[in-house]
Amino acid sequence: MNQTHAARHPGAEAIADKGWLAANKWLLARRGSQLSILLLFMLGPWFGIWLIKGNLSSSLILETVPLTDPYILLQSLFAGHTLESTAIIGALIVSAFYILLGGRVYCSWVCPVNIITDTAQWLRDHFKITGASSLSRNTRYWILAATLILALVTGGIGWELVNPVSMLHRGLIFGMGLAWFIIFAVFLLDLLVSRRAWCSHLCPVGAFYSLLGTHSLIRIRADARDQCDDCMDCFKVCPEQQVIRPALKGHLKDSTEIIGPVITSSNCTNCGRCIDVCAKDVFHFGLRSNNTVNHTTNSKNINKQHNHSSGVEVL
Amino acid sequence: MSTQPTTARHSVTRNSRRKFLLDSARAGGAATLLALGVGLYSRQSVSLPASAIRPPGALDEDDFLGACVRCGLCVRDCPFDTLKLATFGDKVTTGTPYFTARDVPCEMCDDIPCVKACPTGALDHSLENIDNARMGLAVLIDEENCLNFQGLRCDVCYRVCPVIDKAITLEMKHNARSGSHALFIPTVHSDHCTGCGKCERACVLEDTAIRVMPFELAKGELGHHYRWGWKEKSKAGKSLVAPDVEHQYNMPQGQSYDLQGEGLIIEGKNAAGADDASPFGGSPLDTLNSNNFNTRGAQE
Ligand code: SF4
Ligand code: SF4
Ligand code: SF4
Ligand code: SF4
Ligand code: SF4
């Protein structure tokens, strides 16, 4: 059974069961969202339709509503600059949005680099490129701290000199220059060096937004986890694999304490790809609340988990 | 039986603690490396090329780099497409706004839309009168090629200046080449020049003789203890040094000397000098026609 799973691509079963469209709906929605946000910014320079001006660092909707990236604002504060109220209001609006919907919604639904790194991952799977550096997923938080200290020490926003996220978005709207080099470096990093090296290990922007969304309302839930047949497809597609296990299996690796079905880790990007590829419809978008344990399903689940433990250890 | 799982668990926690520490050290190391790299790079890229001018109201370069979020809203609201955002690879700090005066100068909009658009205050919102902007300072840098320096009347930089006759004036100087004409030297005054760059844009030469430069390049600085005597005097309303003691010359009897007036005064001689006390007459012609002179001529 494990062999057949390894041979086909993740989500094949879901496509067979639900149809191609239903088995890709969240992916399509995300790409739609990422591209249309980009398009909204391009309408101005391309067609002179100024619905929104600026870029992801700071922008103005219909000449009235300001939006500002709270992370770059924080760096500016660390650099010792007292900001105008416009930027502060803009950052509050953006923060409120991500605090409610999930911080890393920024990653999966907005960030243009995500399209690049997802493509790298897709190619990696396709050409079966393996090999991983054992860089900790916490490296990004260290880098996040380092960027803030850098601002404090130098008095400038140093990280923005190399930040691929703002560089790509700003570049597409205002002109790329040599920024393609940096974007290409990120692509190669994810393709050749390590699985999801950039977005899930290094990027301080994602790290910042994950902290912002620690208590977000909208979460992925594995309410139907007793339906899980351990096909592992969700693990294979998830950019942050480690977040699924507790909610899906109902307990941590070396503990028997039972855990509710909500994916609580703020590193879940709310991308919904697990929902797409699961033929058993285990996952769905839901609220953080009501994360209680249904005892009958769980004991059953845990028993099953013990039987298939080798399958999980493969990860 | 009861001890074994405990030891096992102990070693598990010890191992995982070791792994955690190791992981953290590596992650911290990677982050430090990255920060050092970016830090060095940022130090290198703070020096703004002289031809890149910041928009009106921009804070001092150091503060500006901590304030500007690289959003480009100033760029969008500039009606003359003066401003650009630097791209990665440009000599200007990536993502920050600047303009090149020789390409498109700042038109000094009355309502200063670029400053109004800035959400962060990197362009200082207290700048309300564009005449107070100090984007840089125009310097007539090439006196060898400037037409006015050769005695021609080009005057173009002077004519286009939005702050004409204050920021830039034509100062008359003697034209030594022709001997009988004036040079009209375009002269920039730092207390009025906004650094808009219209003069630089308009200079008729193949490459401009007048350029807007950052202040620190365009201006020298007086020794801190230097004072201009005449300014101090007019400020105080009187001379600040004690007047000279009147000078006493030791002259032969019957003679005196007036330093600031007549010079040598010989008593008994009137102003016309027609007195036989002197070997010379009052008129130079007398001297020329005198015997002394003729004798000398005869000797030769
Ligand atoms: S981790 Fe960084 S690069 Fe990746 S999607 Fe999130 S913000 Fe973008
Ligand atoms: S003052 Fe006017 S022309 Fe000059 S940079 Fe600002 S918007 Fe552009
Ligand atoms: S509007 Fe202000 S923050 Fe934005 S790019 Fe211009 S100077 Fe920088
Ligand atoms: S830069 Fe030139 S045109 Fe502009 S104010 Fe100064 S002297 Fe006048
Ligand atoms: S426009 Fe150029 S050449 Fe003419 S006077 Fe000015 S600086 Fe000289």
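Residues numbered from 1 in each chain as written. Chains lettered and ligands numbered in written order. Predicted model: local features only at pLDDT ≥ 70, side-chain atom pairs only at ≥ 80, totals over all residues. Heavy atoms only, no water.

Considerations on the site of ligand 3
- In the neighbourhood of ligand 3, 13 residues make up the surrounding shell, with Cys-68, Cys-71, Gly-72, Cys-74 and Cys-118 of chain B lying closest.
- Classifying every residue of the shell around ligand 3 by side-chain character gives 10 nonpolar, 2 polar and 1 charged. (Near = heavy atom within 4 Å. Nonpolar A, V, L, I, M, F, W, Y, C, P; charged D, E, K, R; others polar.)

Examining the pairing of strand 1 (residues 52-55) of chain A
Residue and element names in this part refer to chain A.
- By the bridge criterion, 4 bridges tie strand 1 to strand 2 (residues 58-61) in an arrangement that is antiparallel. The residue bridging Gly-54 from the neighbouring strand is Ser-59, located in strand 2.
- Where strand 1 folds back onto strand 2 in an antiparallel hairpin, the turn is made up of 2 residues. (Pairing = 2+ DSSP bridges. Helix = DSSP H or I, 4+ residues; strand = E, 2+ residues; numbered from the N terminus.)

Digging into the site of ligand 5
- Near ligand 5, the surroundings consist of 13 residues, among which Cys-146, Leu-147, Cys-154, Cys-157 and Cys-203 of chain B are the closest.
- Split by residue class, the shell around ligand 5 holds 11 nonpolar, 1 polar and 1 charged.

Digging into the interface of chain A and chain B
- At the junction of the two partners, chain A supplies 46 residues and chain B supplies 40 residues.
- Buried surface at the junction of chain A and chain B, both sides included, amounts to about 3,400 Å², of which 69% is carbon and sulfur.
- Scanning the region where chain A abuts chain B turns up 1 salt bridge.
- Of the charged contacts, one joins Asp-77 of chain B and Lys-53 of chain A as a salt bridge, the two residues approaching to 2.5 Å between their closest N and O atoms.
- Going through the elements one at a time, strand 1, strand 2, helix 4 (70-78), helix 5 (85-101), helix 8 (139-154), helix 9 (164-174) and helix 10 (179-193) of chain A are the ones with two or more residues in the side of chain A that touches chain B.
- Per element, the largest residue contribution to the side of chain A that touches chain B is 6 residues, and it comes from helix 8 of chain A. (Contact = heavy atoms within 4.5 Å. Buried area = accessible area lost by both parts, 1.4 Å probe. Salt bridge = Lys/Arg side-chain N within 4 Å of Asp/Glu carboxyl O.)

On their own, these measurements won't tell you what the molecule is for.
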